[in-house]
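So you can see what is in the structure, the chains are spelled out below.
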Amino acid sequence: MADNNSLVGGEVSRHQFTYQVIIVQILVMIFLCINFLLIVTFFQKECFYTTARYILFAVTLLSDSLILFMSDVLLLLTYFQFTMELWLCIIIIVGILVYFMVTPVTLTAMTLERYVAICMPLRHSELCSTHSTMHCILIIHGLSSVPYIVVLSTFFVSASFSLYKQYKICSVEIFILYKWQAHIRSAISQFYFLIMCIIIAFSYVKIMHAAKAASGENKKSSRKGLRTVILHAFQLLLCLIQLWCPFIEAEILQINLILFINVRYFHYIAFILAPRCLSPLIYGLRDEIFFQALKNYAFFGMYKRNI
């Protein structure tokens, strides 16, 4: 009887997992289509790819789209129990982890750009030129790589050579051989998020002071910049929650496997998939120039307005 119950429970959980995977595929397709529309809109106007804030916005779009695609590929590989050699898994996971960090670091750079535009308007064209923005993107990727260079270094030191030839289902967890490695990864990530939170809080306070002191059009621009910084802070909070999710999941795994699967599925939808599309979409719709270009492109040029 016990064996029959476990078999039925196993079948139910398998069917549930299948439905969850199907729902994820639908959501990923919708989110990727929206992001693709935003990316194509970005390349429609010269003012977008020659302006710092739009270039950084495009970086977050490309980063988020890559995360959507690669995390979905990993989900499908896990569902079909596909195994690969560890060295190949390392390449895939490194790309995903780096771009997980690229988005919050870019959001911080976008906040600083708003700070310069509102609080240092005379130096904005110099500090936020296209050339400087390209350098900024390189710095963003360099900073985003540092935490995972450290994590991989601890893995390479701890792993035996034979481990690289083993076939395993690819996931981030296989790189955590000891608890202290997870602690190092968590400590570095939380340090990064602390620095980013300080930068965003600093920018918010400065822009708020500028908004109070400004008048007329400047006041309106400052208040809009303030709302943009709040949006970036909210996006950063979602990224921070992603960092805490593995610790919550690890504790739940000790209690119940089915509950663990359901919680991880909720975390994946709410804090990984949805923010990778909805946050950029909200940001794009809030910008009047980008919104008009998006509307024109979405309606195949039938909506005409000077931009």
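For the structure itself, look to the data block above.
Structural notes, computed from the coordinates. It should be emphasised that the depicted structure is a prediction, and the values quoted were computed from it without experimental measurement.

As for the pattern of salt bridges
1) Next: The tally for this structure, following the rule as stated, stands at two salt bridges.
2) Next: Put simply, Glu126 and Arg123 hold a salt bridge, and the shortest N to O gap is 3.4 Å. Here Glu126 pairs with Arg123, and both are found in helix H4 (residues 121–127), just three residues apart, close to one helical turn.

Let's talk about the state of the cysteines
1) Next: Counting across every chain of the model gives one disulfide.
2) Next: A sulfur-sulfur distance of 2.0 Å marks the disulfide that ties Cys89 to Cys170. On the sign convention where negative is left-handed, the bridge of Cys89 and Cys170, at about 90 degrees about the S-S bond, is right-handed. With Cys89 in helix H3 (residues 86–119) and Cys170 in the loop between strand E2 (167–169) and helix H6 (179–213), this pair connects stretches of sequence that are 81 residues apart.
3) Next: The class for Cys89 is buried, based on a relative accessible area of 1%.

Re the environment of Val151
1) Next: Within the element layout of this structure, Val151 appears in helix H5 (residues 130–158).
2) Next: In this structure Val151 comes out as buried when scored by relative accessible area, which is 9%.
3) Next: Separated by 24 residues in sequence, Val151 and Phe175 place their C-alpha atoms 8.4 Å apart.

Some details on the packing of helix H8 (residues 257–286) against helix H9 (residues 288–298)
1) Next: For the pair H8 and H9, interaxial distance at closest approach is 5 Å and the crossing angle is 100 degrees. Taken together, H8 and H9 sit at an angle that is classed as roughly perpendicular. In this structure, H8 uses Gly284, Leu285 and Arg286 to contact H9, whose residues at the interface are Glu288, Phe290, Phe291 and Leu294.
2) Next: For the contact of H8 with H9, the per-class residue count stands at four nonpolar, one polar and two charged.

Quick notes on the rules
- Residues numbered from 1 in each chain as written.
- Predicted model: local features only at pLDDT ≥ 70, side-chain atom pairs only at ≥ 80, totals over all residues.
- Heavy atoms only, no water.
- Salt bridge = Lys/Arg side-chain N within 4 Å of Asp/Glu carboxyl O.
- Helix = DSSP H or I, 4+ residues; strand = E, 2+ residues; numbered from the N terminus.
- Disulfide = S-S within 2.5 Å.
- Buried < 20%, exposed > 50% of the residue type's maximum accessible area, 1.4 Å probe, protein only.
- Axes fitted to C-alpha atoms, helices over the stretch in contact; angles between N-to-C directions.
- Parallel < 35°, antiparallel > 145°, perpendicular 65-115°, else oblique.
- Contact = heavy atoms within 4.5 Å.
- Nonpolar A, V, L, I, M, F, W, Y, C, P; charged D, E, K, R; others polar.

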